[in-house]
Amino acid sequence: MTDLFDHALHERMKAEAPLAARMRPRTLDEYIGQEHIIGPGKLLRRAIETDRLFSSIILWGPPGTGKTTLAQVIANHTKSHFETLSAILSGKSDLQDVIARAQERNRLYRQRTILFVDEIHRWNKAQQDALLPFVENGTVTLIGATTENPFFEVIGALVSRSRIFQLRHLNQNELGQLLDRALADPERGFGRRKVNLTPEARAHLVNVASGDARNALNALELAVESTPPDSNGIIHITLEVAQESIQRRAVLYDKDGDAHYDTISAFIKSVRGSDPDAALYWLAKMLYAGEDPRFILRRLLILAGEDIGLADPLGLVVAAAAAQAFDYVGLPEGIYPLVEATLYLATAPKSNSTGAYFKAMQIIEQEGAGSVPKHLQDGNRDRQATGQGEGYVYPHEQEGHFTPQQYLPRRLLGTYFYQPSDQGYEIEIEERLKRWREAQKRALGIETERHLPDLSHEKIEELKRTLK
């Protein structure tokens with residue numbers, strides 16, 4: 001009688017579970033996303049399908065990307081006994097109980113045990129240390145799930161004994177598939193109800209969910225459950241309902257359309273134009289609409305080299321550090337390094353002198369590439385027979401660590417591609433470079449100077465396309 005009651009309670013709890021829990025994929029074929037680790041032919045997929053998950057793994061990724069779901073898929077595929085612990089709710093004594101059962105199971109039935117530890121980074125060092133010997137001797141095969149970087153939050157000994165699989169945010173197409181499946185599934189989803197999800201509402205839920213499957217499904221469930229049907233029994237989920245369900249107003253911003261490109265263009269031009277206020281406004285619009293911060297950071301990295309350059313060499317350092325910091329932290333706290341990089345670059349001195357590269361590229365395109373002077377050639381291969389590298393003077397052995405020798409092909413001597421701007425650090429560069437160029441002219445007998453005109457933005461973009 002107790003077993004029957006427990007079974008009925010379990011079935012009722014399953015039926016009343018949130019939509020995101022009910023719609024968890026049960027098989028690899030139902031699993032959406034993470035093709036880079038469980039796509040056809042991938043190592044982890046092969047291990048799951050053949051039930052040969054012998055080494056421990058750590059699943060690392062943002063919330064809602066399917067870490068727990070993937071662990072449950074593994075549980076459904078394996079003949080091993082599957083145990084689950086939450087690092088938030090369980091401690092050392094719970095782990096000891098699991099280990100004792102695993103040892104008994106192996107002794108009596110020769111059955112392996114897979115232990116899934118959710119939020120494993122929540123365990124302190126002592127708790128993780130307590131698990132280590134049993135991972136090492138094979139008592140359990142560990143599947144750890146964490147939203148934090150395991151190289152920082154999980155002890156090194158566990159990391160070294162595990163394969164790390166990094167899960168990514170789901171893309172819009174994948175989130176759309178999840179919503180469509182939930183609406184169509186008659187057993188676990190809303191397939192037995194008449195639900196009309198408008199394209200605008202669907203796009204909004206997908207966009208604002210920001211790659212989080214749980215967020216998207218929770219919003220859909222709230223929309224459906226809180227909206228009364230019309231006289232025909234149809235539940236209409238409009239854009240207005242979607243906005244209320246996910247607590248975010250829609251912003252005109254199609255990631256594949258004009259609004260996307262126009263907004264990032266306005267953002268970059270504001271930073272280039274040294275207007276931090278406008279830059280913050282367009283940044284806020286993009287993030288509010290669900291833009292991937294990594295896309296914005298990539299554009300800032302480009303801007304730091306293209307529009308600031310050596311006027312402030314730290315610009316690139318700050319942008320790169322912000323990109324790395326965001327990868328460590330994620331949203332929402334990752335907004336701070338992103339904003340810091342935006343403000344730093346917007347208020348930094350500006351120079352596009354790195355475009356000098358394209359002047360050199362254009363000369364090669366027009367006149368062909370010159371030969372390397374013999375004294376600059378690699379002398380390590382056959383110096384005695386060919387004279388390669390003969391006559392090269394090592395600058396660090398000279399006064400001021402400089403020697404005015406020939407570096408360009410002879411026909412290009414006196415050609416100057418790089419012209420420092422009069423901004424920031426380049427003022428100092430200009431002073432040094434002027435001295436070096438004058439000394440080189442005297443030493444090499446250069447009589448004429450060839451200062452190449454600046455290239456137009458359009459010409460640089462044209463030359464840039466040839467690099468793709």
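These numbers come from a predicted model, not from an experiment. (Residues numbered from 1 in each chain as written. Predicted model: local features only at pLDDT ≥ 70, side-chain atom pairs only at ≥ 80, totals over all residues. Heavy atoms only, no water.)

(A) Molecular detail of the overall build of the protein. In terms of regular secondary structure, the protein is built from 22 helices and 9 strands. Expected size for 468 residues packed as a compact globule is a radius of gyration near 23 Å; at 31 Å, the protein overshoots this value by more than 25%. Its C-alpha atoms give the protein principal-axis dimensions of roughly 105 × 65 × 35 Å. Burial analysis of the protein (468 residues in total) assigns 44% to the buried set. Excluding contacts between residues fewer than 6 apart, the proportion of contacts in the protein whose partners are at least 24 apart in sequence is 73%. Split by element, the accessible area of the protein, about 26,000 Å² in all, is 52% carbon and sulfur. (Helix = DSSP H or I, 4+ residues; strand = E, 2+ residues; numbered from the N terminus. Rg over C-alpha atoms; globule rule 2.2 N^0.38 Å. Buried < 20%, exposed > 50% of the residue type's maximum accessible area, 1.4 Å probe, protein only. Contact = heavy atoms within 4.5 Å. Areas by Shrake-Rupley, 256 points an atom, 1.4 Å probe, with all protein chains shown as cover.)

(B) View of the pattern of salt bridges. Counted by the stated rule, this structure contains 23 salt bridges. For Arg188, the salt bridge identified is with Glu30, shortest N-O distance 3.6 Å. Residue Arg188 is located in the loop between α10 (172–184) and β6 (194–197), and its partner Glu30 is located in the loop between α2 (19–22) and α3 (35–38); the two are separated by 158 residues in the primary sequence. Under the relative-accessibility criterion, Arg188 is labelled buried at 13%. The exposure class of Glu30 is buried, given its relative accessible area of 19%. Where Glu49 meets Arg45, a salt bridge forms, and the shortest distance between an N and an O atom there is 3.0 Å. Placement of the pair is Glu49 and Arg45 together in helix α4 (residues 43–49), with a separation of 4 residues, close to one helical turn. Residue class for Glu49 comes out partly exposed when judged on its relative accessible area of 47%. (Salt bridge = Lys/Arg side-chain N within 4 Å of Asp/Glu carboxyl O.)

(C) Seen up close, the layout of surface pockets. Considering only enclosed or pocket space, the largest pocket measures out at about 1,200 Å³ in volume. Lining the largest pocket are 42 residues, with His169, Ser210, Asp292, Pro293 and Arg294 sitting closest to its centre. Those elements that place two or more of their residues in the lining of the largest pocket are α10, α11 (199–208), α16 (293–308) and α17 (314–329). (1 Å grid on protein atoms, 1.4 Å probe; cavity = no way out; pocket = protein on both sides within 12 Å on 5 of 7 lines; lining within 4 Å. Points joined across faces, edges and corners; volume = space filled by probe spheres on them.)

(D) Fine view of the packing of α17 against helix α18 (residues 335–347). At a closest axis distance of 8 Å, the pairing of α17 and α18 adopts a crossing angle of 165 degrees. Considered as vectors, α17 and α18 are oriented roughly antiparallel to each other. Judged by the sense of rotation from one axis to the other, the crossing of α17 with α18 is left-handed. Two secondary-structure elements touch here, α17 through Leu314, Gly315, Val318, Ala319, Ala322, Ala325 and Phe326 and α18 through Pro337, Ala341, Tyr344 and Leu345. (Axes fitted to C-alpha atoms, helices over the stretch in contact; angles between N-to-C directions. Parallel < 35°, antiparallel > 145°, perpendicular 65-115°, else oblique. Left-handed = near helix turned anticlockwise from the far one by under 90°.)

(E) Layout of the pairing of strand β3 (residues 113–118). Across the 6 residues that make up β3, a large majority, 6, are buried. Side chains Thr113, Leu115 and Val117 of β3 all project onto a buried face; the interleaved residues Ile114, Phe116 and Asp118 project onto the opposite face, where all are buried too. The sheet contact formed by strand β2 (residues 81–86) and β3 spans 6 bridges and is parallel. Considered in β3, the bridge of Glu83 is made with Leu115. Each parallel crossover has a hand, and for β2 linked through helix α6 (residues 92–109) to β3 it is right-handed. (Pairing = 2+ DSSP bridges. Right-handed = clockwise from strand over helix to strand, strands pointing away.)

(F) Structural view of empty space enclosed by the protein. Following the criterion strictly, the structure yields 1 cavity of 30 Å³ or more and no others. Taken together, Ala47, Ile48, Asp51, Arg52, Leu53, Ile74, His77, Thr78 and Ile114 make up the full set of residues lining the largest cavity. Of all the elements in the fold, those that place two or more residues in the lining of the largest cavity are α4 and α5 (67–77). Partitioned by chemical class, the residues of the lining of the largest cavity number 5 nonpolar, 2 polar and 2 charged. (Nonpolar A, V, L, I, M, F, W, Y, C, P; charged D, E, K, R; others polar.)

(G) The packing of helix α12 (residues 213–226) against helix α13 (residues 239–246), seen in detail. Contact geometry for α12 and α13: axes closest at 9 Å, N-to-C directions at 120 degrees. Between α12 and α13, the crossing angle belongs to the class labelled oblique. Helix-helix and strand crossings are classified by hand; for α12 and α13 the assignment is right-handed. Between α12 and α13, the contacting residues are Asn215, Ala219, Leu222 and Ala223 on the first element and Val241, Ser245 and Ile246 on the second.

(H) Here's a closer look at the environment of Gly64. Within the element layout of this structure, Gly64 appears in the loop between β1 (56–60) and α5. In this structure, the C-alpha to C-alpha distance between Gly64 and Ile429, residues 365 residues apart in sequence, is 50 Å. Other than its neighbours up to four places away in sequence, Gly64 contacts Leu170, Gly211, Asp212, Ala213 and Arg214.

(I) Expanded view of unusual backbone geometry. Residues Leu331 and Pro332 are joined by a peptide bond in cis, for which omega reads 5 degrees. Assignment of secondary structure puts Pro332 in the loop between α17 and α18. If you check the backbone angles, Arg110 has positive phi at about 55 degrees while not being a glycine. When you line up the elements, Arg110 lands in the loop between α6 and β3. Given a relative accessible area of 70%, Arg110 falls into the exposed group.

(J) Representation of the nonpolar core. Core analysis: the largest hydrophobic core is formed by 29 residues, its most contacted members being Leu19, Leu175, Leu179, Leu205, Leu217, Leu220 and Ile237. Of all the elements in the fold, those that place two or more residues in this core are α2, α10, α11, α12, β7 (234–237) and α13. Of all the elements, α12 adds the most residues to this core, at 7 residues. Not counting the four nearest positions on each side in its chain, Leu175 is found in contact with Leu170, Val206, Ala209, Gly211, Asp212, Ala213 and Ala216. Counting 25 residues, the second-largest nonpolar core is a separate cluster that includes Leu297, Ala304, Phe326 and Ala346. (Core = buried A, V, L, I, M, F, W, Y, C linked by side-chain atoms within 4.5 Å.)

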